[in-house]
Amino acid sequence: MANRHTSNNFSRQLSTLIDCLDHVPTLLLHACCAPCSSAVLEYLSQYFSIFLLYYNPNISPENEYQRRLAELQRLISQMPFNNPVHLIPCKYDSQAFRQIAQGQEQEPEGGARCHLCFRLRLEEAARTAQAHGLEYFTTTLTISPLKDAALINRIGNELEKKYGVKHLPADFKKKDGYKRSLALSREYELYRQDYCGCVYSKAEREQKKAEVPNGKDDF
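Quick caveat: nothing in here was measured; it's all calculated off a predicted structure. Along each chain, numbering runs from 1 in the same order as the chain's sequence is written. Since the coordinates come from a predicted model, pLDDT governs what is reported: local features require at least 70, and pairs of side-chain atoms require 80 or more to be given and counted, while whole-chain, interface and lining totals use all residues. No hydrogens and no water enter the side-chain calculation; it runs on all heavy atoms of the structure.

(A) Highlighting the overall build of the protein chain. Helix and strand counts for the protein chain stand at eight helices and five strands. Numbering of helices and strands runs from the N terminus; a helix is a DSSP stretch of H or I covering at least four residues, while a strand is a stretch of E covering at least two. Put simply, the protein chain runs from its N terminus to its C terminus through helices and strands in the order α-β-α-β-α-β-α-α-β-α-β-α-α. A 1.4 Å probe rolled over the protein chains alone gives each residue an accessible area, and that area as a share of the maximum for its type sets the label: buried under 20%, exposed over 50%, partly exposed in between. Here the protein chain holds 219 residues, and the buried ones make up 52% of them. Residue contacts are defined here by distance: any two heavy atoms, one from each residue, within 4.5 Å place the two residues in contact. Considering only residue pairs separated by 6 or more positions, the protein chain has 74% of its internal contacts joining residues 24 or more positions apart. A 1.4 Å probe and the Shrake-Rupley method give the accessible areas. Residues count as covered only by the protein chains that appear here. Within the structure as shown, the protein chain displays about 10,500 Å² of accessible surface, and the carbon and sulfur contribution to it stands at 48%.

Structure representation (structure tokens):
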């Protein structure tokens, strides 16, 4: 099997890993929202028994957090899966995001604040996977065209060493993954937010919408 730490073709690395599976492994999948999770779940549930972690303390306000969680729960209840998908509940903890965002308030979307946010959520995923004795962990975040897959996979690889749980390499936007998520969002009539989640991304999105009305939603 190819060394998944030496190539940036994370989609190919995942395909190679899947081809070598001799059983149905357990996977902790961090989920950011239902639309992003849809195509990822459709694909990965063919090969893994999935434990879905909705840990997103960045999302604001709390009613937005709860709305996205409800859509994720509805998707899981309606979508057919080859292998089990279980949702791991977690409390809304906006303080965790506020702490890592302190001093980064003026960073642009995709900058240092977002990097810290990725690490915050991925670390909780790795920690939870370790606590539940699961074999792999990964996140749905790479399905977004706006997210840096190389950075996310690098963080995942670092956390693999820290927690002793294998990080599943991925770039879910590849092989038309993002397009498939749009199609599934329409099929299941999923609520699709127009900002990533935090107050800063919402403010930046509102500014862009004011500049370009009816701008494209890429989250």
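From this point, the narrative continues.
(B) Fine view of the nonpolar core. With 56 residues, the main nonpolar core has Leu28, Leu44, Phe48, Ile50, Leu52, Phe137 and Leu168 as its most contacted residues. Per element, the largest residue contribution to this core is seven residues, and it comes from helix 5 (residues 112–131). To qualify as a nonpolar core, a set must consist of buried Ala, Val, Leu, Ile, Met, Phe, Trp, Tyr and Cys residues joined through side-chain atoms within 4.5 Å.

(C) Highlighting the environment of Tyr47. Relative to the elements of secondary structure, Tyr47 occurs in the loop between helix 2 (34–44) and strand 2 (49–53). The exposure class of Tyr47 is partly exposed, given its relative accessible area of 28%. Residues Tyr47 and Ile18, 29 residues apart in the sequence, show an inter-C-alpha distance of 7.2 Å.

(D) Structural view of the side chain of Asn56. Mapped onto the elements, Asn56 comes out in the loop between strand 2 and helix 3 (62–78). Assessed through its relative accessible area of 0%, Asn56 is described here as buried. The definition of a polar contact used here is a pair of N or O atoms within 3.5 Å, where within protein one atom must be able to donate a hydrogen and the other to accept one, and adjacent residues in sequence count solely through side-chain atom pairs. In this structure the side chain of Asn56 is engaged in a polar contact, spanning 2.9 Å, whose partner is the backbone oxygen of Ala31. At a separation of 3.0 Å, a polar atom in the side chain of Asn56 contacts the side chain of Arg121.

(E) How the structure looks around the pattern of salt bridges. Note on definitions: salt bridges are taken to be side-chain nitrogens of Lys or Arg within 4 Å of carboxyl oxygens of Asp or Glu. Enumeration over the complete set of coordinates arrives at nine salt bridges. A salt bridge links Lys162 to Glu123; the nearest nitrogen and oxygen atoms lie 2.6 Å apart. Note that Lys162 is positioned in helix 6 (residues 149–163) and Glu123 in helix 5, a separation of 39 residues in sequence. Look at Glu123 and you get buried, because its relative accessible area is 15%. Salt bridges here are not isolated pairs; linked through shared partners, they connect Glu123, Glu124, Arg127 and Lys162.

(F) Up close: helix 2. Burial runs high along helix 2: nine of the eleven residues are buried. Within the sequence span of helix 2, burial applies to Ala34, Pro35, Cys36, Ser37, Ser38, Ala39, Val40, Leu41 and Leu44.

(G) Representation of unusual backbone geometry. Going from Ser60 to Pro61, the amide bond is cis rather than trans, its omega being 0°. Tracing the sequence through the fold places Pro61 in the loop between strand 2 and helix 3. Notably, Lys175 is not glycine yet its phi reads approximately 55°, a positive angle. Its place among the elements puts Lys175 in the loop between strand 5 (166–167) and helix 7 (177–187). Look at Asp176: it is not a glycine, yet its phi comes out positive at around 60°. Inspection of the secondary structure assignment puts Asp176 in the loop between strand 5 and helix 7.

None of the figures reported here should be taken as evidence of function without further support.
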